[in-house]
Every structure is written in C-alpha cells, then in structure tokens.
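# An overview of the molecular structure
Each chain is listed here by its residues.
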Amino acid sequence: MTKVAILGYGTVGSGVYEVLKKNRDVISNKLGDEIQVQYVLDLREFEGDPVQEVLVHDIDQILNDTEVSVVCETMGGEHPAYEFTKRALSCGKSVCTSNKELVEKHGPELIKIAKAHDCSYLFEASVGGGIPIIRPLRTSLAQEEILSITGILNGTTNYILTKMETEGLAFETVLARAQEKGYAEKNPDADVLGLDACRKISILTSLAYGKKVDFTDITTEGITAITSVDFAYAKKMGATIKLFAKSVKKGDKHYALVAPFVVKPENPLYAVKGVFNAILVNANMGGETMYYGKGAGKLATASAVVADVLDCARHPGKHLNIKWNDEKLEISPIDGAVRRFFVRVPVTDEAQIQDVFGEVEMLKGVADGECGFITEEMTEASYREKAAKFGNILSMIRVD
C-alpha cells in the first residue's frame with residue numbers, strides 16, 4: 001500500500017482527494033496495489049466533509065510519518081509550498097505538484113534534492129492541466145531534437161478570444177462573463193497579460209533542452225488590445241486569432257514569445273476553441289505531435305497529479321530522473337525572429353504602404369477610416385524599423 005498526503009484542500013487538492021476516492025478500484029487494478037490518503041493538510045475545518053477524518057493542521061505530522069511516501073502539493077504560490085516541498089523531499093518523500101509558479105522558479109533545485117534522497121519531484125499538472133505533455137517530453141520524445149513548441153496554454157484567454165470571434169463581443173464584456181463563470185480570476189492579469197502562458201512555455205522549453213529558462217527573458221504580450229475589428233479582418237483572411245506561447249530552436253539560437261497570432265485553418269491549433277488547450281511539438285525525426293484537452297479545471301488537473309502519484313508508487317525508493325539543470329538557456333532577443341505581420345493603418349495610399357513595407361497583401365473594406373495589410377516575411381527588428389518610419393500604426397498582430 002502507498003500512503004499519500006495532500007497539502008491544501010482547495011480546488012485542485014479536493015480534486016486529488018476525489019480522484020483517489022472515486023477511482024480507487026480502477027487505480028488498484030492498474031497499479032496492483034492500493035493508494036490510501038493518510039492526511040490532508042489545511043488550516044481550515046470542513047465540517048460534514050469526509051476529509052475531516054484525515055484532516056491535519058501541522059505539516060510536521062505528515063513529515064514525521066515514515067509511512068507516507070508521496071506528498072501531493074496543491075497549495076499553489078511560492079510560500080510556504082517551497083519550504084514544505086523541500087522538507088518533504090529531504091525526508092525521502094516524493095512530491096507531485098500542480099504548482100507552475102514553484103516549478104518554474106525552483107524546478108532544478110527541487111529535482112536535485114529529490115535525486116539526493118532517492119525520491120522524485122514530478123509536475124505533470126503544472127502545464128496544460130489534464131493534458132499529458134511533460135511526460136511525453138521526458139520519455140516518448142527523449143530521443144528527439146525539439147525544433148519548436150507552440151501552445152494554447154491558457155484556457156481563460158482562449159475562451160475570451162473564442163467568444164469575441166463567435167459572438168462579436170468586446171474584450172471587457174467577455175472577460176466579465178468569464179469571471180462570472182469562474183474561468184477568470186477577480187484579478188485576471190496573469191491570464192490576459194500572458195504571464196500564465198509565459199511560465200508554462202518557460203517550463204516546457206526548460207524540459208525540452210535540459211537547461212533553466214528565466215521566464216522574464218521571454219517577450220510577453222497579452223490579449224487586452226485585441227478588438228472585434230481585428231476579428232473582422234481575421235474573418236476576411238479566413239483566419240482566427242489565438243494567444244500562442246512559442247519556443248523555437250533555429251541553429252544554435254533559441255527564441256521564445258507569448259503573443260496573439262493570426263492563425264490560418266491549416267494550422268492544427270486553429271480549431272482549438274473555448275477553455276480547451278493544445279500543444280503542438282515539432283521534432284526533427286518524428287515531425288509534429290499534438291496534445292489536446294482541458295488545460296485547467298478541478299478534476300482534469302487533479303487527474304494529472306494522480307498520474308504522477310502512480311508513477312511514484314510504481315517506483316518506491318527510486319528517483320525518476322528529469323533532465324533539467326541550473327545552467328541558464330540563453331533566449332535570443334526576438335529581433336532576429338522572422339515572420340509576417342498583420343498591420344492596421346488609417347486609410348493610406350497603397351503606394352505609400354509599399355514604399356515602406358514592400359510588397360503587401362492589402363485588406364480593404366473591413367472597417368471605416370482604415371485598412372489592413374499583411375507584410376512579407378521580415379525580422380521583428382525590420383518590422384519595428386519600418387513601423388517607426390511609417391508612423392501612425394493602429395495595431396499589429398503577428399501571423400503564424
């Protein structure tokens with residue numbers, strides 16, 4: 001029997017408890033052993049909830065119990081999750097987590113501590129919720145050179161953009177609806193400014209190349225400037241708009257970016273709607289593979305945590321290695337990245353546009369008093385130079 005403890009009885013923690021209880025027989029049949037929840041740590045009381053039978057308020061009660069071999073850290077945030085995780089690993093207890101902030105900031109250190117104490121630090125649920133992506137990167141794709149990772153990694157922003165497109169609503173209107181439905185936090189900045197997706201692509205890039213990526217090195221733009229007019233242009237192009245988190249390897253250089261992109265139907269991510277997430281991985285031998293599902297939510301995320309628990313239960317007293325060291329992976333400035341750009345400007349003579357931007361694909365008759373165009377491929381630095389020379393750019397969205 002494998003005995004586990006759950007740190008935090010919030011959305012994900014209660015989900016982990018529910019998955020382990022409801023799927024107890026399924027898990028036992030597949031694992032060949034039973035997993036028992038020995039403790040749930042929380043400062044609150046939960047009268048009338050069966051969790052009261054295993055509820056504790058002191059982390060030492062868990063750490064001092066030698067029968068507990070796996071800890072599920074579902075508290076979120078950096079502190080005290082960081083301190084509790086370090087102490088658990090130092091006691092030889094494997095830790096499975098959904099905490100992307102902790103993983104992004106301290107992943108290499110915590111993996112090193114786990115290795116030193118013959119246990120594991122696993123974090124499948126930290127990126128993509130219920131979508132298996134971290135395990136494929138470290139196992140199924142371990143023989144591959146990863147050329148690029150492109151993901152819709154935030155369900156809130158994908159929901160907002162989908163509703164803006166299909167119902168013609170303004171950003172602020174859809175955001176308020178997302179908050180009412182519980183898809184967006186009261187303070188939605190981490191989602192709508194792209195910060196959540198940035199942490200996730202930082203983790204995936206680190207795992208793809210085995211070195212630490214500082215998420216502050218990644219150029220990040222959110223969706224707050226996207227309007228219904230942008231979607232009208234996208235419709236004319238036969239395209240849509242998505243918030244992409246991208247990581248690309250070109251020769252010996254690595255680029256990473258979080259930003260809105262104009263996406264055509266031939267891209268597999270074009271059809272990902274609503275709160276769903278998807279990740280497209282391009283490898284040098286196997287080509288493209290795509291991972292799709294619910295990127296968040298109580299049970300989807302909890303299921304991913306429990307999958308890691310099963311991995312630990314299958315390998316008691318062993319370290320499941322994840323190659324991710326403290327050496328920093330240099331992210332090149334996006335100045336050298338090459339792509340096309342969708343640009344909106346006040347109604348201007350086409351010859352004047354071409355004089356600055358070269359040959360372009362014009363988009364007229366979409367909105368009064370303006371026009372749009374798609375540039376030829378150019379570097380980010382070249383686009384900025386041309387935009388500064390032209391002046392009076394209404395907006396720009398990159399084209400995937």
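If you're wondering where the values come from, they're calculated on a predicted model, not measured in any experiment. (Residues numbered from 1 in each chain as written. Predicted model: local features only at pLDDT ≥ 70, side-chain atom pairs only at ≥ 80, totals over all residues. Heavy atoms only, no water.)

### A look at the layout of surface pockets
Which entries qualify depends on this criterion: Using only the protein atoms, space was sampled on a 1 Å grid; points where a 1.4 Å probe fits but cannot get out form cavities, open sets with protein on both sides within 12 Å along at least five of seven lines form pockets, and lining residues are those with an atom within 4 Å of a point. Grid points are joined across faces, edges and corners, and a volume is the space filled by probe spheres set on the points. For the purposes of this entry, the term helix denotes a DSSP run of H or I that reaches at least four residues, the term strand denotes a run of E that reaches at least two, and both are numbered from the N terminus. Gly is placed with the polar residues, together with every amino acid not listed as nonpolar (Ala, Val, Leu, Ile, Met, Phe, Trp, Tyr, Cys and Pro) or charged (Asp, Glu, Lys and Arg).
Empty space within the largest pocket amounts to approximately 1,100 Å³. Along the walls of the largest pocket sit 40 residues, with Lys100, Glu185, Asp196, Ala296 and Gly297 positioned nearest its centre. Within the residue set of the lining of the largest pocket, elements represented by two or more residues are helix H1 (11-22), helix H5 (100-116), helix H7 (155-167), helix H9 (189-192), helix H10 (195-209) and helix H12 (298-314). The residue makeup of the lining of the largest pocket, split by class, is 10 nonpolar, 20 polar and 10 charged.

### Some words on the pairing of strand S4 (residues 68-73)
Operational definition: When accessible area is computed with a 1.4 Å probe and restricted to protein chains, residues below 20% of their type maximum are described as buried, those above 50% as exposed, and intermediate ones as partly exposed. Paired strands are those between which DSSP finds at least two bridges. Classification remark: right-handed applies to a crossover when, strands pointing away from the viewer, the course from the first strand over the helix to the second runs clockwise.
A large share of S4 lies buried, amounting to five of its six residues. Bridge analysis of strand S1 (residues 2-7) against S4 gives five bridges, and the strand direction is parallel. Counterpart to Val4 in the pairing with S4 is Val70. Read as a crossover between parallel neighbours, the route from S4 over helix H4 (residues 81-90) to strand S5 (residues 94-97) is right-handed.

### Details of empty space enclosed by the protein
This model, assessed by the stated rule, comprises one cavity of 30 Å³ or more. Forming the boundary of the largest cavity are Leu122, Phe123, Glu124, Ile134, Arg135, Arg138, Asp308 and Ile322. A total of three residues in the lining of the largest cavity trace back to one element, the largest contributor, which is helix H6 (residues 134-138). Across the lining of the largest cavity, the residue classes break down as four nonpolar, no polar and four charged.

### So, the environment of Asn187
Locating Asn187 in the fold gives a position in the loop between helix H8 (171-181) and H9. Residues Asn187 and Ile134 lie 53 residues apart in sequence; the distance between their C-alpha atoms is 28 Å.

### As for the nonpolar core
Here is the rule: Residues grouped as a nonpolar core are buried Ala, Val, Leu, Ile, Met, Phe, Trp, Tyr and Cys residues, joined through side-chain atoms within 4.5 Å.
Among the nonpolar cores identified, the biggest contains 112 residues, and Ile62, Tyr121, Phe123, Ile160 and Leu204 are the most heavily contacted of them. Element by element, the count of residues in this core is highest for H12, at eight residues. Among the nonpolar cores identified, the runner-up in size contains 14 residues, and Val356, Phe357, Met378 and Ala387 belong to it.

### Digging into the sheet that holds strand S2 (residues 35-41)
Adjacent strands of a sheet form backbone hydrogen bonds with each other and so pair up, either parallel or antiparallel. Spelled out, the test is: Contact definition: two residues touch when any of their heavy atoms are within 4.5 Å. To get an axis, a line is fitted to the C-alpha atoms, and for a helix only the part in contact is used. The angle between two axes follows their N-to-C directions and goes from 0 to 180 degrees.
Taken in spatial order, the six strands make up an open sheet running S3-S2-S1-S4-S5-S6, and their pairing is parallel. With partners counted over all chains shown, the strands left at the sheet margins are strand S3 (55-56) and strand S6 (121-122), one partner each. Taken together, the six bridges between S1 and S2 define a ladder with parallel strand orientation. Considered in S2, the bridge of Leu7 is made with Leu41. Packed onto the sheet, H12 meets S1, S2, S4, S5 and S6 and runs at close to 160° relative to S5.

### Details of the side chain of Thr157
Counting through the fold element by element, Thr157 comes out in helix H7. Sequence-distant contacts of Thr157, that is, excluding residues within four places in its chain, are made with Asp191, Val192, Ile223 and Leu243.

### Some words on the pairing of strand S12 (residues 276-283)
Burial of S12 is extensive: six of the eight residues sit out of reach of the surface. Across six bridges, the pairing between strand S7 (residues 146-152) and S12 is antiparallel. Following the sheet pairing, Thr150 is matched in S12 by Leu280. Examined bridge by bridge, S12 and strand S13 (residues 287-294) share eight bridges and lie antiparallel to one another. Bridging from a neighbouring strand, Ala283 pairs with Gly287 of S13. Hairpin remark: S12 followed by S13, antiparallel, with three residues in the connecting loop.

### A few points about unusual backbone geometry
In this model, His79 is joined to Pro80 through a cis peptide bond whose omega is 5°. Its place among the elements puts Pro80 in the loop between S4 and H4. The phi dihedral of Asn392 is positive, around 55°, even though this residue is not glycine. By the secondary structure assignment, Asn392 is in the loop between helix H14 (380-390) and strand S19 (395-399). Judged by relative accessible area, Asn392 falls into the exposed class, the value being 56%.

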